[in-house]
Protein chains: 2
Amino acid sequence: MERLEIDGPRLWRSLEELGRIGAYEDERSKIVGVNRLALTAADGEGRALVRRWFAEAGLEVRVDRIGNCYGRRKGTRDLAPVMSGSHIDSVPTAGRFDGCLGVLGALECVRSLNDRGLATERPIEIAFFTDEEGARFGTDMLGSAVAVGRLPLERALQLTDRDGLTVEGELRKIGFLGTHPERLPAPHAYVECHIEQGPILRAAGRDLGVVTGVQAISWQELTIVGKSAHAGTTPMNLRRDAGVVAARLILRLHEMATSGEYGEMRATVGAIDPVPGLVNIIPGRVRCTVDLRNPDDAQMARAETDLAAFVQTLASEYHVQIESRRTAKTPRIHFAPDVQAVIARHCDEARLSHQPIISGAGHDAQELSSLCPTAMIFVPGEYDGISHNPREYSTPEQCTNGVNLLYRTLVELARA
Amino acid sequence: MERLEIDGPRLWRSLEELGRIGAYEDERSKIVGVNRLALTAADGEGRALVRRWFAEAGLEVRVDRIGNCYGRRKGTRDLAPVMSGSHIDSVPTAGRFDGCLGVLGALECVRSLNDRGLATERPIEIAFFTDEEGARFGTDMLGSAVAVGRLPLERALQLTDRDGLTVEGELRKIGFLGTHPERLPAPHAYVECHIEQGPILRAAGRDLGVVTGVQAISWQELTIVGKSAHAGTTPMNLRRDAGVVAARLILRLHEMATSGEYGEMRATVGAIDPVPGLVNIIPGRVRCTVDLRNPDDAQMARAETDLAAFVQTLASEYHVQIESRRTAKTPRIHFAPDVQAVIARHCDEARLSHQPIISGAGHDAQELSSLCPTAMIFVPGEYDGISHNPREYSTPEQCTNGVNLLYRTLVELARA
């Protein structure tokens, strides 16, 4: 049988068209990035475009009560569908590939099936999930977590952004507060194509990565409460400067992650928000986020324990209070070996080089993995695989390779 | 001659009334603070109230082209006036005394003269100056610096806040873009009453402080440019994390100020602004402010040189760029010994204990000191003299003592 091929240029044009929604020019680099933060007007516009494309591809479209959008292509038999998808929301400083490649790639698979009039036994269902990034409402994989039942719908709808706006209100505002039940019946399998967002595949010269799972992720928000006071008149020994405590924390985390003492740990303090945040006032309060990643659950647990102890030490040393709030926590996820094997075999058949790789980022696939056999295909990225940055870039060839693999895998899995 | 006395309860009522404009309740402490950031609607409302009070006290009121507001009480002779005043703008998390005590205290002196029908030979002129805090447009003592000719009017009017709004536009919006020439003819003398904003007088049990001058102040804004990237996928050794560099800077400054190696240096990083500031993105850029104070110009110069060298070291060590922008710089200011002597003598006569004290904060008085003999009276504050904080508090008795001294000093200086 002739090998199935998607229409690479059409995939690329779709990526470009969606990438124009929320586009902005980076002040310094002059590179055009994407800002489609979840449930903003730009996200709403992007969603409307993709939903229209779903419908134009003949899919039966539904939107659920957390705003996840599904498009179903009927199979010849009434069986659980093979599923694929990702997200189209972005961080505020994004490129055009993160998430979108998975959604538009799945759409391209359906379009290619349509072009050739191919039927599958199992239905094929494609999806974009709400707020995968967590950049606005503080909880990532929001939509898929609700779909698989890990997060209660009511709690998700009541989450608020910095301005106190709720998920529910913002979904309604952009016309994506659907009525379809949010709990997803278990698909037969789930496969997601995504950019690697890291340097490994590109450095190793691989065409594709077969993802073995996702490293453990731990997010917390720390609030350091000291005492704001006048910068000019307050003697150094009377200060309770929350900014100095935050600096100690940032450097300790950096040291923990670079020391090798906690395995392959990564640590990031991305948000640092001093109050009142003015040149001549000692910060009385600093809110900061802590993002820990580890491919090993035991190392993660040890790092969390040691961090908590260090935070206690800081609190006594500087006479400040430090409150901690958990915002996300997922264990190490293992993807289905048999689905990985299908992907690897198709790589071999197409003479595309590949290697197993663990995902550094969280993905909707990790939520779906609690429902059904799941795996992911990683596409390499240029410039050290930089992502969450306007420089994010995978070549047309890299994208086509990844979606061709997705296409062949979905079609194979759709056999009853 | 009977000793001159102001009406303390009236002064207190005025402080309370002005303090209600821009009042807010602190989220945590539930204490009511004041937010009258320069040229906001609240500042405009405060200005309108005080201008009305100036007029009701029979003063000839004028507003200049940078929004400084002056009220003149005629003398019996046409001589250079004795001047007093301060500011009524505030940092966003303020109490009700900073600046306001100087303006409303000067007003109370005029009201008291009016009550007794007392004439002075020299005119008495009272003032509130625009944006003393510098908390919005980045340059403190803005109005008084323009009035004495240190800062060109055009440059001041074009300064912008974080949203790109100009001083000129915001002055116009609140109706305080005056037409009177901004350059102030030299007064005969300038005396300002202000809260200490520090712990020294209260700890020493003094009724008042006779201010000898102002320590040197250096403000700069540093922008650290690294590379934003995905927190989960970017290996530690490939990061250029601007947040980690900011943390190093904060701790080095803290160390410099606490080591004693730079004399009585104080150092504060009040603003820390990572971009994009999200949990799962390595900060690609951090803007932060540096506030240095030193009673010794030579020590300040040495600290600035050493800091600049450290910044260079950080830039090479972390492969980041660090840009520095100077936002304020004033040398050690020495106040007029003869005016200090008048204040000290009146303290002695009233059996109020006092001591010489150097100001840790910048004040409009330091600008006026380039025009005429100048001094300040400091009123102690409770709670370690905390300021730029809703807890800021001086008792009615402390305020009355300070303004009584101001009253007697102004009247004495107004003799030809």
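What comes next is a walk through the structure. (Residues numbered from 1 in each chain as written. Chains lettered and ligands numbered in written order. Predicted model: local features only at pLDDT ≥ 70, side-chain atom pairs only at ≥ 80, totals over all residues. Heavy atoms only, no water.)

**Some thoughts on the overall build of chain A**
Part 1: Scanning chain A from N- to C-terminus turns up 12 helices and 18 strands.
Part 2: In terms of overall dimensions, chain A is globule-like: its C-alpha atoms have a radius of gyration of 22 Å, near the 22 Å expected for 416 residues.
Part 3: Dimensions along the principal axes, computed over C-alpha positions, put chain A at roughly 80 × 45 × 40 Å.
Part 4: Counted over contacts in chain A with a minimum sequence separation of 6, partners at least 24 positions apart contribute 79%.
Part 5: For chain A, the accessible area works out to roughly 15,000 Å², and carbon and sulfur atoms hold 48% of it.
Part 6: Computed over 48 positive and 56 negative side-chain charges, the inter-centroid distance for chain A is 2 Å. (Helix = DSSP H or I, 4+ residues; strand = E, 2+ residues; numbered from the N terminus. Rg over C-alpha atoms; globule rule 2.2 N^0.38 Å. Contact = heavy atoms within 4.5 Å. Areas by Shrake-Rupley, 256 points an atom, 1.4 Å probe, with all protein chains shown as cover. Lys, Arg positive; Asp, Glu negative; His and termini not counted. Charge placed at Lys NZ, Arg CZ, Asp CG, Glu CD.)

**Some details on the side chain of E125 of chain B**
Part 1: Looking at the secondary structure, you find E125 of chain B in strand 6 (residues 124-128).
Part 2: With near-sequence residues (within four places) excluded, E125 of chain B lies in contact with R62, Y70, G71, R72, P81, V82, M83, S84 and L184 of chain B.

**Side note on the pattern of salt bridges**
Part 1: One pass over the structure, following the stated rule, counts 56 salt bridges over all chains.
Part 2: As a salt-bridge pair, E5 of chain B and R408 of chain B come within 3.5 Å of each other at their nearest N and O atoms. Of the two residues, E5 of chain B sits in the segment before helix 1 (8-19) while R408 of chain B sits in helix 12 (residues 396-413), which places them 403 residues apart along the sequence.
Part 3: Overall, R408 of chain B belongs to the buried group, its relative accessible area being 7%.
Part 4: Across the salt bridge formed by E221 of chain B and R325 of chain B, the nearest N and O atoms sit 3.6 Å from each other. Residue E221 of chain B is located in strand 9 (residues 216-225), and its partner R325 of chain B is located in strand 15 (residues 321-330); the two are separated by 104 residues in the primary sequence.
Part 5: What makes E221 of chain B buried here is its relative accessible area of 15%.
Part 6: Linked by salt bridges that have partners in common, D7, R10, E108 and D115 of chain A make up one network. (Salt bridge = Lys/Arg side-chain N within 4 Å of Asp/Glu carboxyl O. Buried < 20%, exposed > 50% of the residue type's maximum accessible area, 1.4 Å probe, protein only.)

**Side note on the relation of the copies chain B and chain A**
Relating one copy of the chain to the other takes a rotation about an axis and a shift parallel to that axis.
Part 1: Relative to chain A, chain B is turned by 180 degrees and slid 0.0 Å along the rotation axis, the superposed coordinates differing by an RMSD of 0.1 Å. Between the two chains, the operation in question is that of a two-fold axis. Measuring from the rotation axis to each C-alpha of chain B, the shortest distance belongs to A247 of chain B, at 2.1 Å.
Part 2: When you check the interface residues of chain B against chain A, 100% turn up at the interface there too, and the contact is symmetric in its surfaces. (Least-squares fit on C-alpha atoms with pLDDT ≥ 70 in both.)

**Focus: the interface of chain B and chain A**
Part 1: Listed by partner, the interface residues are 67 residues for chain B and 67 residues for chain A.
Part 2: Buried surface at the junction of chain B and chain A, both sides included, amounts to about 5,700 Å², of which 62% is carbon and sulfur.
Part 3: Together, R28, M236 and V279 of chain B form the three largest contributors to the area buried by chain B at its contact with chain A, with a combined 13%.
Part 4: In this assembly, chain B and chain A are joined by 0 salt bridges. (Buried area = accessible area lost by both parts, 1.4 Å probe.)

**Some remarks on the packing of aromatic side chains**
Residues and elements named next belong to chain B.
Part 1: Summed over the entire model, instances satisfying the criterion amount to 11 aromatic pairs over all chains.
Part 2: For the pair W12 and F97, a centre-to-centre distance of 5.7 Å together with 45 degrees between the ring planes defines the contact as tilted. Note that W12 is positioned in helix 1 and F97 in the loop between strand 5 (82-86) and helix 3 (100-115), a separation of 85 residues in sequence.
Part 3: You can call F97 buried: its relative accessible area is 1%.
Part 4: Ring centres of W12 and Y393 lie 6.0 Å apart, and the angle between their planes is 85 degrees; on these two criteria the pair is classed as edge-to-face. Of the two residues, W12 sits in helix 1 while Y393 sits in the loop between strand 18 (374-379) and helix 12, which places them 381 residues apart along the sequence.
Part 5: Here W12 falls in the buried class, since its relative accessible area comes to 15%. (Phe/Tyr/Trp six-rings, centres within 6.5 Å; stacked < 30°, edge-to-face > 60°.)

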